[in-house]
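What follows is the residue order along each chain.
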Amino acid sequence: MMERLFDEPQSDSARREPLAARLRPRTLAEFVGQPKLLAPDAPLRRAIESGRPHSMILYGPPGSGKTTLARLVASASGAAFEEHSAVEAGLPEVRAVLERARHRGGGTVFFLDEIHRFNRPQQDALLRAVEDGLVVLIGATTESPRHGVSSALLSRLRVYEVEPLSPADTAVLLERALERGELGGATLDPDAAELIAARSAGDARVALGALELAANGAQRIDRAAAAAALETALVRYDAAADRHYETISAWIKATRGSDVDASLYYLATMLEGGEDPRFIARRIVIFASEDVGNADPQALALAVAAAQAVELVGLPECSYALAQAAIYLSLAPKSNAAGSALGAARAEIQEHGAGRPPPWLRPGGEEDYDYPHARPGHVSPQELLPQSLEGARFYRPDEAEARLAQALASARAARGRDQRER
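Residues numbered from 1 in each chain as written. Predicted model: local features only at pLDDT ≥ 70, side-chain atom pairs only at ≥ 80, totals over all residues. Heavy atoms only, no water.

A. Quick peek at the overall build of the protein. When helices and strands are tallied, the protein shows 20 helices and eight strands. Taken along its principal axes, the extent of the C-alpha atoms in the protein is 85 × 50 × 35 Å. Out of the 422 residues belonging to the protein, those deemed buried represent 46%. Within the protein, counting contacts between residues at least 6 apart in sequence, those at least 24 apart form 74% of the total. Put simply, the protein shows about 21,400 Å² of open surface, and 51% of that area lies on carbon and sulfur atoms. Put simply, the protein has 48 plus and 58 minus side-chain charges, and the middle of one group is 5 Å from the middle of the other. (Helix = DSSP H or I, 4+ residues; strand = E, 2+ residues; numbered from the N terminus. Buried < 20%, exposed > 50% of the residue type's maximum accessible area, 1.4 Å probe, protein only. Contact = heavy atoms within 4.5 Å. Areas by Shrake-Rupley, 256 points an atom, 1.4 Å probe, with all protein chains shown as cover. Lys, Arg positive; Asp, Glu negative; His and termini not counted. Charge placed at Lys NZ, Arg CZ, Asp CG, Glu CD.)

B. Main features of the packing of aromatic side chains. Scanning the entire structure with this criterion turns up four aromatic pairs. Taking 6.2 Å as the distance between ring centres and 20° as the angle between the ring planes, the aromatic pair formed by F81 and F111 counts as stacked. You can see F81 sitting in strand β3 (residues 80-85) and its partner F111 sitting in strand β4 (residues 108-113), a full 30 residues away along the chain. Taken together, a centroid distance of 6.5 Å and an interplanar angle of 70° make the contact between Y369 and Y371 edge-to-face. (Phe/Tyr/Trp six-rings, centres within 6.5 Å; stacked < 30°, edge-to-face > 60°.)

C. Summary view of the pattern of salt bridges. Applying the stated criterion to the full structure yields 15 salt bridges. Taking the shortest distance from any N to any O, the salt bridge between E82 and R104 comes out at 2.7 Å. One end of the pair, E82, is in strand β3; the other, R104, is in helix α5 (residues 91-104), with 22 residues separating them in the sequence. Judged by its relative accessible area of 31%, R104 is partly exposed. Taking the shortest distance from any N to any O, the salt bridge between R120 and D124 comes out at 3.1 Å. Taken together, the positions of R120 and D124, both in helix α6 (residues 120-124) and four residues apart, correspond to about one turn of that helix. One salt-bridge network, in which partners are shared between bridges, spans R22, E182 and E212. (Salt bridge = Lys/Arg side-chain N within 4 Å of Asp/Glu carboxyl O.)

D. Region of interest: the pairing of β4. Counting buried positions along β4 gives six out of six residues, so the element sits mostly inside the fold. In β4, alternate side chains face the same way, and those of T108, F110 and L112 on one face and V109, F111 and D113 on the other are all buried. Handedness of the β-α-β unit built from β3, α5 and β4 comes out right-handed. One ladder, built from five bridges, connects β4 with strand β5 (residues 136-141); its direction is parallel. Each bridged residue has a counterpart across the sheet, and for F111 the counterpart in β5 is I138. (Right-handed = clockwise from strand over helix to strand, strands pointing away. Pairing = 2+ DSSP bridges.)

E. Just unusual backbone geometry, in detail. Look at the link from L315 to P316: it is a cis peptide, with omega at 5°. In this structure, P316 sits in the loop between α17 (298-313) and α18 (318-331). Of note in the backbone geometry, E114 takes a positive phi value of approximately 55° without being a glycine. Of note, E114 is situated in the loop between β4 and α6. A relative accessible area of 4% places E114 in the buried class. Even without being glycine, H378 reaches a positive phi, approximately 60°. Looking at the secondary structure, you find H378 in the loop between α19 (337-352) and α20 (402-414).

F. Just a nonpolar patch on the surface, in detail. A cluster of nonpolar side chains, contributed by L361, Y369, Y371 and L384, occupies part of the molecular surface with about 370 Å² of accessible area. Its place among the elements puts Y369 in the loop between α19 and α20. For Y369, a relative accessible area of 32% translates into the label partly exposed. (Patch = residues over 30% accessible without salt bridge, like charges linked within 9 Å, V, L, I, M, F, W, Y side chains within 5 Å.)

G. Summary view of α5. The terminal C-alpha atoms of α5, which comprises 14 residues, lie 20 Å apart, in line with the 20 Å expected from a rise of 1.5 Å per residue. Residues of α5 that are buried include every one of L91, V94, V97, L98 and A101, and no others. The buried residues of α5 occupy an angular sector of 125° when the element is viewed end-on, so they sit on one face. Across α5 from its buried face, at more than 90 degrees, point the exposed residues P92, R95 and H103. (Expected span 1.5 Å × (residues − 1). Arc of directions from axis to C-beta.)

The structure is reproduced here in structure tokens:
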């Protein structure tokens, strides 16, 4: 979605935005934190001040200012600002952004949150646009980009590590909220401010969210009120903001890591935070294929059943089905071979185009088609890939797919492909 940058939020609807959104810096002078990244001679500061942005990755924890930095880059250059999250966006959304950039003739900053969640073909779709300068790509990630971003895309981006805010930085934001009259006249005790700054773990959204909760209807915020608000703020997040993406990302990684307790914890965090259970169910179904796959085919059936349970019974009862699925997926054997195989096949097509099937597979070629069911073992040695791809292998089962690996070896041997394939 394209957004208008830094309009003055004076309307009633704007005043209903979370405090963190209302206090979002609109100029570099207002930005708090990141003294290394924004030192007078630092490349990122020069890019912002000169209005000549470059493609980059901002790597750091939630609430440290990654989105704000991306908006500052776009604002300083006068570029259009397009924003998506890789958790929910796919190739159609990326292509739509690139098409709009072509209509503008450039001058577009594309901010892609959780960029490491894009698979290889999705990342490859951005290569030409970045290389040609059609868009300035700013990716944000809470994970090391060396692990989640392809080397081809990474070579075209500059990586900046964003640090969590210090308690002193957080205290500046709290004071700013008071000075701007954002708390409805409430006062903040010094020890309460110190507690929020210390316990928000460098996350500006947690700190400002707790402050806003504590100020709701209060005239004075003391240490006890701040502590209670902090506990609540940790489970409240906007379903369209980073806390939403951060928590589902944590659930995915915990479940992939076979930590059933962590998986249940992040599931509970989402449910307590008011997350749409259908969103959770969709991620459970995706996980069953993407991360468990054929290491345990029953996982997908259970995940789909959990998604159906969400539709049939709704909250709160559907939480039991979600918990059942989370436990099963956590303890299931893991394999990403199916997704990797599809990604390899799509990469082949994107690079070389789609090869034409051999004549005996096309309509009208049945006379030359070697019907497998007419052969012993129901296996034919006839070549089934396009001629240019004879011997290609896309699917490589891993150690969690021993049964399929054995079946694949037997099928290839029966087809006479065990020694011929490349």
